[in-house]
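Examining the three-dimensional arrangement
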Amino acid sequence: MAWHTRESRIVYDNRWISVREDQVSGPAGDGIYGVVALKNPAVFVVALDEEERVCLVTIDRYTTGRSVEVPAGGTDGEDPLVAARRELREETGLEAQEWTPIGTMNALNGVTVAPEHVFLARDLRQAVDSAHTQAEEGIDDVAWVPFAEALAMIADGRITDGETVAALAYAGIRLGRFA
């Protein structure tokens, strides 16, 4: 059964998101569906150092509180790779020489239109003019953990951010860690 939208109206809009309410016909019959659409895609960076450790940031999220995540953020209309480079630099003060796109995903696709791009960043170095914006981002800590430890952090609940879980899964697949 395909979904059919009979009517749609924007109920909220700002520079980052819009929220619309659709009158729909779907598998369960007629009803309403609320959809949050992000204005720009997001990017997620799995940064690995020469010891195969993952860079994780601890950030205070307004919605969920303290969260351990890979560096990430919005594209602000930029090319995803340009945004990924910017986010890594802003959140960690690092630059990477090697960038590999490793996947795309959609966050909460049951209620949102939120495309996301995941990158693997390697050959890292401190940025020359690393003017960190960690404080304004709400970042409390930048840590390096072995890849296996990052997976353990998912298993025991220290990492609960869904996009970080998915980004690490993409990286694990690319790196052959799940074979």
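Look up a bit, the structure's there.
Residues numbered from 1 in each chain as written. Predicted model: local features only at pLDDT ≥ 70, side-chain atom pairs only at ≥ 80, totals over all residues. Heavy atoms only, no water.

Focus on the layout of surface pockets
- For the largest pocket, the calculated volume is near 1300 Å³.
- What lines the largest pocket is a set of 43 residues, and nearest its centre among them are Leu38, Ala42, Arg61, Gly73 and Gly74.
- Per-class residue counts for the lining of the largest pocket are 15 nonpolar, 13 polar and 15 charged. (1 Å grid on protein atoms, 1.4 Å probe; cavity = no way out; pocket = protein on both sides within 12 Å on 5 of 7 lines; lining within 4 Å. Points joined across faces, edges and corners; volume = space filled by probe spheres on them. Nonpolar A, V, L, I, M, F, W, Y, C, P; charged D, E, K, R; others polar.)

Some points on the sheet that holds strand S8 (residues 94–106)
- Pairing within the open sheet is mixed, and its four strands lie in the order S7-S4-S10-S8. Strands with a single pairing partner mark the edges of an open sheet, and in this sheet they are strand S7 (72–74) and S8. If you compare each strand with its neighbour and ignore which way they point, the axes differ by 25 degrees on average.
- Where strand S4 (residues 42–47) and strand S10 (residues 115–126) come together, six bridges link them in parallel fashion. Counterpart to Phe44 in the pairing with S10 is Val118.
- Here helix H4 (residues 162–174) sits on the sheet in contact with S4, S8 and S10, set at roughly 105 degrees to S8. (Pairing = 2+ DSSP bridges. Helix = DSSP H or I, 4+ residues; strand = E, 2+ residues; numbered from the N terminus. Axes fitted to C-alpha atoms, helices over the stretch in contact; angles between N-to-C directions. Contact = heavy atoms within 4.5 Å.)

Notes on the sheet that holds strand S6 (residues 65–69)
- In space, the three strands of this open sheet follow the order S6-S5-S11, with antiparallel pairing throughout. Of all strands in the sheet, those bounded by a partner on one side alone are S6 and strand S11 (139–146). Adjacent strand axes in the sheet meet at a mean angle of 20 degrees when their direction is disregarded.
- Relative to S6, strand S5 (residues 53–61) runs antiparallel, the two being bridged by five bridges. Looking across to S6, one finds that Asp60 is bridged to Arg66.
- Lying on the sheet, helix H3 (residues 147–155) is in contact with S5, S6 and S11; it crosses S11 at an angle near 120 degrees.

Describing H3
- The complete set of buried residues in H3 reads Phe147, Ala150 and Met153. Down the axis, H3 shows its buried residues gathered within 110 degrees of arc, on one side only. Away from its buried face, by an angle of more than 90 degrees, H3 presents the exposed residues Ala148 and Ala155.
- Looking at the buried residues of H3, the elements they touch are S5, S6, S11 and H4.
- Directly beyond the C-terminal end of H3, a positive phi value near 90 degrees is found at Gly157. (Buried < 20%, exposed > 50% of the residue type's maximum accessible area, 1.4 Å probe, protein only. Arc of directions from axis to C-beta.)

Things to note about the side chain of Ser25
- Within the secondary structure, Ser25 is located in strand S2 (residues 17–26).
- Among the polar contacts listed, one links the side chain of Ser25 to the side chain of Arg6, at a separation of 2.9 Å. (Polar contact = N/O pair within 3.5 Å; in protein donor to acceptor, adjacent residues only side chain to side chain.)

Quick word on the nonpolar core
- In terms of nonpolar packing, the biggest core is built from 21 residues, with Phe44, Val46, Val54, Leu56, Val70, Val118 and Leu168 touching the most fellow members.
- Those elements giving two or more residues to this core turn out to be S4, S5, S8, S10, H3 and H4.
- Discounting residues that sit within four places of it in the chain, Val70 has contacts with Phe44, Val45, Val46, Cys55, Leu56, Val57, Thr164, Ala167 and Leu168. (Core = buried A, V, L, I, M, F, W, Y, C linked by side-chain atoms within 4.5 Å.)

Topic: unusual backbone geometry
- Phi at Glu52 takes a positive value of approximately 65 degrees, unusual for a residue other than glycine.
- Residue placement: Glu52 occurs in the loop between S4 and S5.
- With phi around 55 degrees, Asp76 is a residue other than glycine that occupies positive phi space.
- Relative to the assigned elements, Asp76 resides in the loop between S7 and helix H1 (80–92).

Brief notes about the packing of aromatic side chains
- Applying the stated criterion across every chain, the model contains two aromatic pairs.
- Plain terms: the ring middles of Trp3 and Tyr33 are 5.5 Å apart, the flat faces sit at 75 degrees to each other, and that makes the pair edge-to-face. Within this pair, whereas Trp3 is found in the segment before strand S1 (4–13), its partner Tyr33 is found in strand S3 (residues 29–38), the two being separated by 30 residues in sequence.
- Here the aromatic rings of Trp99 and Phe119 are separated by 6.3 Å at their centres, their planes lie at 75 degrees, and the arrangement is edge-to-face. (Phe/Tyr/Trp six-rings, centres within 6.5 Å; stacked < 30°, edge-to-face > 60°.)

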